[in-house]
Amino acid sequence: EKDGHDWFMRKEIFEQPHAVADSLLGRRTRTGELQLDEMRLSDQELRDIDKIIIIAAGTSFYAGMVAKYAIEHWCRIPVEVELSSEFRYRDPILDYSTLVVAISQSGETADTLQAIRHARLQRSKVLAICNTNGSTIPRESDAVIYTHAGPEIGVASTKGFVTQLVACYLLALYLAQVKGTRFGDEIADVVHQLEAIPGHMSTVLDRAEEVYELARDHVGERTVLFLGRHAGYPIALEGALKLKELAYIHAEGFAGGELKHGPIALIDEGMPVLCVVPPKGRDQLHGKMLSAIQEVRARGARTICLAEEGDRSAAAVADTVIELPKVPVLLQPLLAVVPLQLFACELATAMGHDVDQPRNLAKSVTVE
Ligand code: M6R
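Just so it is clear, the model here is predicted, and its values are computed rather than measured.

### Overview of the overall build of the chain
In step 1: Helices and strands together make up the secondary structure of the chain, namely 15 helices and 10 strands.
In step 2: At 20 Å, the chain has a C-alpha radius of gyration in line with the 21 Å of a compact globule built from 368 residues.
In step 3: Here the C-alpha coordinates of the chain stretch approximately 55 × 45 × 40 Å along the principal axes.
In step 4: Expressed as a percentage of its 368 residues, the buried residues of the chain come to 58%.
In step 5: Counting contacts in the chain only where the partners sit at least 6 residues apart, residues at least 24 apart contribute 75% of the total.
In step 6: For the chain, the accessible surface area stands at approximately 15,000 Å², while carbon and sulfur atoms represent 47% of it.
In step 7: Counting 38 positive and 51 negative side-chain charges, the chain places the averaged centre of each group 4 Å from the other.

### Brief notes about the pairing of strand β8 (residues 272-276)
In step 1: Burial analysis of β8 places five of its five residues in the buried class, the great majority of the element.
In step 2: The alternating pattern of β8 places Pro272, Leu274 and Val276 on one face and Val273 and Cys275 on the opposite face, and all of these are buried.
In step 3: Taken together, the three bridges between strand β6 (residues 223-228) and β8 define a ladder with parallel strand orientation. Each bridged residue has a counterpart across the sheet, and for Leu225 the counterpart in β8 is Val273.
In step 4: When β8 meets strand β9 (residues 302-308), the two strands line up parallel, connected through five bridges.

### A short note on the environment of Lys363
In step 1: Among the secondary structure elements, Lys363 is positioned in the segment after α15 (332-350).
In step 2: Residue class for Lys363 comes out partly exposed when judged on its relative accessible area of 28%.
In step 3: Through-space distance from the C-alpha of Lys363 to that of Cys75 is 33 Å; in sequence the pair is 288 residues apart.
In step 4: If we ignore the near neighbours within four places in the chain, the residues touching Lys363 are Gln105, Glu152, Ile153, Gly154, Val155, Ala156 and Ser157.

### Re the nonpolar core
In step 1: Counting 96 residues, the largest nonpolar core has Ile52, Trp74 and Leu243 as its most contacted members.
In step 2: Counting residues in each nonpolar core, the second largest holds 21 residues, with Leu225, Cys275, Met289 and Cys305 among its members.

### Brief notes about a negative patch on the surface
In step 1: The grouping of Glu210, Glu213, Asp217 and Glu323 at the surface amounts to a negative patch.
In step 2: For Glu210, the location among the structural elements is in helix α11 (residues 208-216).

### Notes on the site of the ligand
In step 1: The ligand sits among 13 residues. The nearest are Ser60, Ser104, Ser106, Thr109 and Glu245.
In step 2: In this structure, an oxygen atom belonging to the ligand sits 2.9 Å away from a main-chain N or O atom of Ser157.
In step 3: Taking Glu245, its side chain carries an N or O atom lying 2.6 Å from a nitrogen atom of the ligand.
In step 4: For the shell around the ligand, the secondary structure elements donating two or more residues are α4 (58-75) and α12 (232-247).
In step 5: Within the shell around the ligand, the residues separate by chemical class into three nonpolar, eight polar and two charged.

Rules of the game
- Residues numbered from 1 in each chain as written.
- Predicted model: local features only at pLDDT ≥ 70, side-chain atom pairs only at ≥ 80, totals over all residues.
- Heavy atoms only, no water.
- Helix = DSSP H or I, 4+ residues; strand = E, 2+ residues; numbered from the N terminus.
- Rg over C-alpha atoms; globule rule 2.2 N^0.38 Å.
- Buried < 20%, exposed > 50% of the residue type's maximum accessible area, 1.4 Å probe, protein only.
- Contact = heavy atoms within 4.5 Å.
- Areas by Shrake-Rupley, 256 points an atom, 1.4 Å probe, with all protein chains shown as cover.
- Lys, Arg positive; Asp, Glu negative; His and termini not counted.
- Charge placed at Lys NZ, Arg CZ, Asp CG, Glu CD.
- Pairing = 2+ DSSP bridges.
- Core = buried A, V, L, I, M, F, W, Y, C linked by side-chain atoms within 4.5 Å.
- Patch = residues over 30% accessible without salt bridge, like charges linked within 9 Å, V, L, I, M, F, W, Y side chains within 5 Å.
- Salt bridge = Lys/Arg side-chain N within 4 Å of Asp/Glu carboxyl O.
- Near = heavy atom within 4 Å.
- Polar contact = N/O pair within 3.5 Å; in protein donor to acceptor, adjacent residues only side chain to side chain.
- Nonpolar A, V, L, I, M, F, W, Y, C, P; charged D, E, K, R; others polar.

Shown next, in the form of structure tokens:
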């Protein structure tokens, strides 16, 4: 049942190329337009939306953070991302022109369910991004985008997460299509780039052994830090969460630019820092990230950089490089998260922990 793997989690990590491909199936009409079957909101209702609030917990929350970058860039609609457990208690400003997007792998997370009930009482439309057919959250929502990851057994979300990202990209592109934004021409290109992701993910997975070796070198570590910028920032947070959940190691993710505002004081001789380096582009993101990496390195950190293939300037500031195939910055999370999942899975295994059922955690959290 684990296809020869020691853990469901590891099996699910390796299923990701397939899960992404399945989540993209049937989303295009013959004329190349995007279609989302269970959207159930009319084009006019979607055009009337002037604000999106994404609510989710844990790993799904990080998918929501990535979605913010994508939706704001492609659709020019303001997006807030909020932990579902906090949402109701701040008396959020909602009305019929607000779209609330609830992201939940299980569809049963109590915090998220209560949050969507609150939103619907305020007349907002709710769209669920969910992996579990017929679960409570999609049943109580106005519209659904189902992810097609298949059942996720490991408590740590992996293929659930990457398929949530795919659903978020599709939603962003669909909204751009309906609204006819100036990024309309880009839609077909991005869909093609998404369709190439399963192949790129397989390339990353083919190099799993390198990540495993690195992970085994970190048994006994007390603190591991993660750095990212832009869409790589939520991936830094996700990498840290995986390590906490599975290896019970203190881990934290930071935005590269935030380091100098405090966290850099944590850096100690030999402290591992995993850095998600944005692809080289015309903007300053890449350079800014490299200077943050230089800063931690100058203070003794051991830097492990996830960087685009052939990125020599990243290699120059890295003690170890994990190469990622070349993709646009907004899609890089789909690839960058994979080595971080492998790292946490292998490190926890080497420490003798139960990876599929970490202590104190349940697969779906049905109490508030
Ligand atoms: O089923 P959900 O997506 O609503 O679950 C949300 C979180 O409980 C979940 O992502 C949790 O953080 C995972 N253990 C992360 O690996």
